[in-house]
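Reading the structure
Each chain is listed here by its residues.
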Amino acid sequence: MMANYPFDYEKEVGAAERTARGANFRTPITPRENDILVASHRDPAWLGQELNHVFPREIKDNVARGFVMDGRPFEGEMGGPDSFGVEWVYVPVARGSMEKPGVRLVKDIENWEADVVFPDPDQWDWAVIEESSRKVIRPDLITSTMVYTGFFERLISFIGFEDAAVALIDEDQKEAVHRLFDRLCIYYDRLFDRMKKHMGMEYIVFHDDWGAQRSPFFSEQVCREMLLPYLKRVAESAHSRNIFLNFHCCGRVEEFVPLMIEAGADAWDGQPLNDIWGLYAKYGDRLTMTLNEKVLDVSKEEAERWVDNIIAHLEKGKQLIVSRRCMNETAREMMYVKSREFYGREE
């Protein structure tokens, strides 16, 4: 099954042999070409995703949420106002941010237009973003970023979690929430357009958590009514620009996987607390699953057991993302060799 947009795979993937960075082996195709295969729902040559990660500081959400990677030294403080003016507090030990306690941007969700000023991407310094992005973009990797913050999380950032959860089901507030989400889609569309033109963006991880450790925050019916139409528009916006969309959604939300597929997401960046292998077996031909397990400070024997377990679960025609950043060098090399054997691609 191909990706949801007309990606010309044949023009992108060559046959020349190239050297993989940081490993003692040569690959028949580049990591970029290999990851295009996975994103396009085709069997790769090996497992081990590696992307260009670009998080420009000019996009305030990146500073607010604690992710700046743009080829320039960053000496300021993480946290602070995001693109909408919501204040965030960076927590170093968690390597992430939370909204500043006691500060609420929107007083009344039914009249959110009175308090929310949408950012204008056209006013950002894209010339600087374009120039600095070149310093961290390798031509043999897909260029990627993460877009904060999705629909439910943005609603939370405006009015707090409890009120956001109520707003999704309160008949008196639903219409205002729909207006907000519709306006967010317009904003994301403009943002994707600028990212494509000035950063060569090819892969967007779209961030919107829908669940807690034990269960989703809301029912499937609420998700279908209040969130699915807008995630679908975001996916369509990305695909219209030949951008893959990986939906980052934390929590035990496995029951929402069919909705992610219906929305048109190419991949799901979920947590291991879900039945990833069961979902992979059932849906892996339609939605690429991400295995977010880390094997960094482990022995050679532990790394091999971990790799062997993954290989034992693989099925051709079903796609899996295993990030190189989650593996130490021993695990990466074992994964390369053993997954190459599984997929059986010729040199």
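Structure: see above.
A brief report on the enclosed structure follows.

1. Considering the overall build of the protein
Scanning the protein for helices and strands turns up 13 helices and 12 strands. On C-alpha atoms alone, the protein measures out to a radius of gyration of 20 Å, which is about the 20 Å that the 2.2 N^0.38 rule sets for 347 residues. Summarising its shape, the C-alpha atoms of the protein cover approximately 60 × 45 × 40 Å along the three principal directions. A burial count over the protein gives 54% of its 347 residues as buried. A sequence separation of at least 24 residues applies to 67% of the contacts in the protein between residues at least 6 apart. Looking at the protein as shown, the accessible area adds up to about 15500 Å², and 50% of this sits on carbon and sulfur atoms. When the 44 basic and 61 acidic side-chain charges of the protein are each reduced to a single mean position, those positions are 4 Å apart.

2. Section: the sheet that holds strand β4 (residues 80-81)
Spatially, three strands are ordered β4-β5-β6 in an open sheet, and the strand pairing comes out antiparallel. Looking at the sheet topology across the chains shown, the edges are occupied by β4 and β6 (96-99). Relative to strand β5 (residues 87-91), β4 is paired through two bridges, and the arrangement is antiparallel. By the bridge assignment, glycine 80 is partnered in β5 with tryptophan 88.

3. Digging into unusual backbone geometry
Look at the link from tyrosine 148 to threonine 149: it is a cis peptide, with omega at -10°. Take threonine 149: it is sitting in the loop between β7 (142-147) and α5 (151-159). Here histidine 41, not a glycine, exhibits a phi torsion of approximately 60°, which is positive. Within the fold, histidine 41 resides in the loop between α2 (31-39) and β3 (51-53). The class for histidine 41 is buried, based on a relative accessible area of 6%.

4. Here's the deal with the packing of helix α7 (residues 171-199) against helix α9 (residues 228-239)
The interhelical angle for the contact between α7 and α9, taken along N-to-C directions, is 15°, at an axis separation of 10 Å. The orientation of α7 relative to α9 falls into the category roughly parallel. Classified by chirality, the crossing of α9 by α7 is right-handed. Contact residues: His178, Phe181, Asp182, Cys185, Ile186, Tyr188, Asp189 and Phe192 in α7; Tyr230, Arg233, Val234, Ser237 and Ala238 in α9.

5. Some points on the packing of aromatic side chains
By the definition in use, this model includes 27 aromatic pairs. Centre to centre, the rings of tryptophan 277 and tyrosine 280 are 5.4 Å apart; their planes meet at 85°, and the pair counts as edge-to-face. Remark: tyrosine 280 and tryptophan 277 occur in helix α11 (residues 276-283); sequence separation between them is three residues, near one turn of the helix. A residue is classified by how much of its surface remains accessible, and tryptophan 277, at 16% relative accessible area, is buried. Through successive ring pairs, a cluster of aromatic residues spans Phe84, Trp112, Phe118, Phe151, Phe158, Phe181, Tyr187, Tyr188, Phe206 and Tyr230. Here the guanidinium or amino end of arginine 183 rests over the ring plane of phenylalanine 118, the centre of that ring lying 4.1 Å away.

6. Considering the environment of lysine 100
Relative to the elements of secondary structure, lysine 100 occurs in the loop between β6 and α4 (126-133). Between the C-alpha atoms of lysine 100 and tyrosine 90, which are 10 residues apart in sequence, the distance is 9.3 Å. Filtering out sequence-adjacent residues up to four positions away, lysine 100 remains in contact with Glu87, Trp88 and Val89.

7. Regarding helix α12 (residues 300-313)
An α-helical turn contains 3.6 residues, so a residue and the one three or four places further along point in the same direction. Helix length check: α12 (14 residues) gives 20 Å between terminal C-alpha atoms against 20 Å at 1.5 Å per residue, within 8%. Burial in α12 covers these residues: Ala303, Trp306, Val307, Ile310 and Ile311. With its buried residues spanning 135° around the axis, α12 presents them on a single face. Projecting away from the buried face of α12 at angles above 90 degrees are the exposed residues Arg305 and Ala312. On its buried face, α12 is in contact with α11, β12 (320-321) and α13 (329-343).

Cut-off values and rules
Residues numbered from 1 in each chain as written. Predicted model: local features only at pLDDT ≥ 70, side-chain atom pairs only at ≥ 80, totals over all residues. Heavy atoms only, no water. Helix = DSSP H or I, 4+ residues; strand = E, 2+ residues; numbered from the N terminus. Rg over C-alpha atoms; globule rule 2.2 N^0.38 Å. Buried < 20%, exposed > 50% of the residue type's maximum accessible area, 1.4 Å probe, protein only. Contact = heavy atoms within 4.5 Å. Areas by Shrake-Rupley, 256 points an atom, 1.4 Å probe, with all protein chains shown as cover. Lys, Arg positive; Asp, Glu negative; His and termini not counted. Charge placed at Lys NZ, Arg CZ, Asp CG, Glu CD. Pairing = 2+ DSSP bridges. Axes fitted to C-alpha atoms, helices over the stretch in contact; angles between N-to-C directions. Parallel < 35°, antiparallel > 145°, perpendicular 65-115°, else oblique. Left-handed = near helix turned anticlockwise from the far one by under 90°. Phe/Tyr/Trp six-rings, centres within 6.5 Å; stacked < 30°, edge-to-face > 60°. Lys NZ or Arg CZ within 6 Å of the ring centre and 35° of its normal. Expected span 1.5 Å × (residues − 1). Arc of directions from axis to C-beta.

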